[in-house]
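Observations on the three-dimensional arrangement
For reference, the chains in residue letters:
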Amino acid sequence: MFRELDMQDPSLMLERVQNELREIRNSGLWKDERVITSPQADTITVGSESVINFCSNNYLGLSSHPRVVSAAKRTIDERGFGMSSSRFICGTQDIHKELEQSISRFHGTEDALLYASCFDANAGLFEQLLGPDDAVLSDSLNHASIIDGIRLCKAQRHRYKHLDMEDLERNLLATQGCRNRLIVTDGVFSMDGDIAPLKEICDLADKYHAQVFIDECHATGFLGKTGRGTPELCDVEGRIDIINSTLGKALGGGMGGYTTGPKEVIDLLRQRSRPYLFSNTLVPSVVGGCIEVFKILNESTDCVERLCENVSHFRKKMSAAGFALNGNEQSPIVPVMIGDATLATKMSEELMKKGIYVVGFSYPVVPKGAARIRCQISAAHTHAQVEQCIDAFIKVGRELHVIT
């Protein structure tokens, strides 16, 4: 079989790929990468233009914070550039253990495990915890990394309707014969900015003897009174069994992810999780910078409070102007609903001309007919910058007849 394939003209595969790329372009779904030539911050340089950045996951404004940058530089001098190995061979330094301890203390959990990304953390979890006698119950709009991770395990897979607690309960009733059941949800859903009803989910988990897993990538560090995420916001701290999150968004914006929860779960993942065992560990500079991030968060809630003020102001003014907004009112992810994909792209281009950097999202990233411009608010944005963004939206929105 393999010899027959080898004898085929290799250009046939390239021809197929070229056709697929052509279809992507013709359908209007081609994604161009805008190249920035400055540090990630509230204001960035794209080409030769300075624009205000409203589409970054830099929710706390820590990506270029002087203390974080200084800690990263210092750690390079003290621990070197890279680890050149996986954790269990010779890729664990004392600072990796220190960061894991900082993470577990922050979340109030027993232990934590670092990964190269939260995508890896989600890929490495479910296969090790769930087998053919178990069931996983997953929100229908969970992140792609959760979906891919679940595909790797042999458990029964059940999807409940997005945020629908009645449908979740129906699935719990239907799986009562399973050994273990794990309810899986994003804490905050990245495309819509809505928040999982964790109290109701935890109540159902208690009622049906299930466990709860949440992905906190768009919540850790900034949601809740002290930034402890959706468990703090929803008053269910201590009731979530396992949390996965990222270091690559609010927590410095470098790279890396983690799983945190019971020590036994973390111990098992250290022994068997494939993305952990078979890939390099985080570079020292990222680890050093992230240790400093947790120090900043533990010292003060100033960043969290500034972000809350910015989010509230932006949402109120945009709604008053007539824009249709999705998402929870406390979420810094603010989808401005446009509907038409071409119009969303045109609007983002016009906003860029006015110094506002945003991106239009359309199918297949979001459902057909639900194109939007996803704004992401940061604690680093000044009041004047938020006002400038709102004014630009209103002017362009009227020009393109998105609002009247």
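Description of the structure in this document. The model shown is predicted, which means the values in this text are computed figures rather than measured ones. (Residues numbered from 1 in each chain as written. Predicted model: local features only at pLDDT ≥ 70, side-chain atom pairs only at ≥ 80, totals over all residues. Heavy atoms only, no water.)

**Digging into the sheet that holds strand β4 (residues 135-139)**
Taken in spatial order, the seven strands of this open sheet run β3-β9-β8-β7-β6-β4-β5, and their pairing is mixed. Since the sheet does not close on itself, it has two edges, and those belong to β3 (111-115) and β5 (156-160), each with one partner. Across this sheet, the average inter-strand angle for adjacent strands is 20°, counted without regard to direction. Two elements, β3 and strand β9 (residues 257-261), share five bridges in a ladder whose sense is antiparallel. (Pairing = 2+ DSSP bridges. Helix = DSSP H or I, 4+ residues; strand = E, 2+ residues; numbered from the N terminus. Axes fitted to C-alpha atoms, helices over the stretch in contact; angles between N-to-C directions.)

**A few points about the packing of helix α6 (residues 118-129) against helix α7 (residues 144-151)**
Contact geometry for α6 and α7: axes closest at 7 Å, N-to-C directions at 25°. Overall, the two elements α6 and α7 adopt an arrangement that is roughly parallel. Seen along the crossing, α6 lies across α7 with a hand that is right-handed. Contacts between α6 and α7 involve Phe119, Asn122, Ala123 and Phe126 on the former and, on the latter, Ser145, Ile146, Asp148, Gly149 and Ile150. (Parallel < 35°, antiparallel > 145°, perpendicular 65-115°, else oblique. Left-handed = near helix turned anticlockwise from the far one by under 90°. Contact = heavy atoms within 4.5 Å.)

**Description of the packing of aromatic side chains**
Under the definition given, this model contains six aromatic pairs. Relative to Phe294, the ring of Phe106 lies with its centre 5.3 Å away and its plane at 70°, an arrangement referred to as edge-to-face. In this pair, Phe106 sits in helix α5 (residues 94-107) while Phe294 sits in helix α13 (residues 284-299), placing the two residues 188 residues apart along the sequence. With respect to burial, Phe106 and Phe294 carry one shared label: buried. (Phe/Tyr/Trp six-rings, centres within 6.5 Å; stacked < 30°, edge-to-face > 60°. Buried < 20%, exposed > 50% of the residue type's maximum accessible area, 1.4 Å probe, protein only.)

**Describing the pattern of salt bridges**
Within this structure, the stated rule accounts for 20 salt bridges. Taking the shortest distance from any N to any O, the salt bridge between Arg87 and Glu100 comes out at 3.0 Å. Here Arg87 is found in helix α4 (residues 87-90), whereas its partner Glu100 is found in helix α5, with 13 residues between them in sequence. Of the residues examined, Arg87 reaches a relative accessible area of 5% and is grouped as buried. Residue Asp134 is joined to Arg179 by a salt bridge in which the shortest nitrogen-to-oxygen separation is 2.6 Å. Residue Asp134 is located in the loop between α6 and β4, and its partner Arg179 is located in the loop between α8 (165-174) and β6 (181-186); the two are separated by 45 residues in the primary sequence. Assessed through its relative accessible area of 0%, Asp134 is described here as buried. Three or more residues joined by partner-sharing salt bridges are found here, namely Arg87, Lys97, Glu100 and Arg270. (Salt bridge = Lys/Arg side-chain N within 4 Å of Asp/Glu carboxyl O.)

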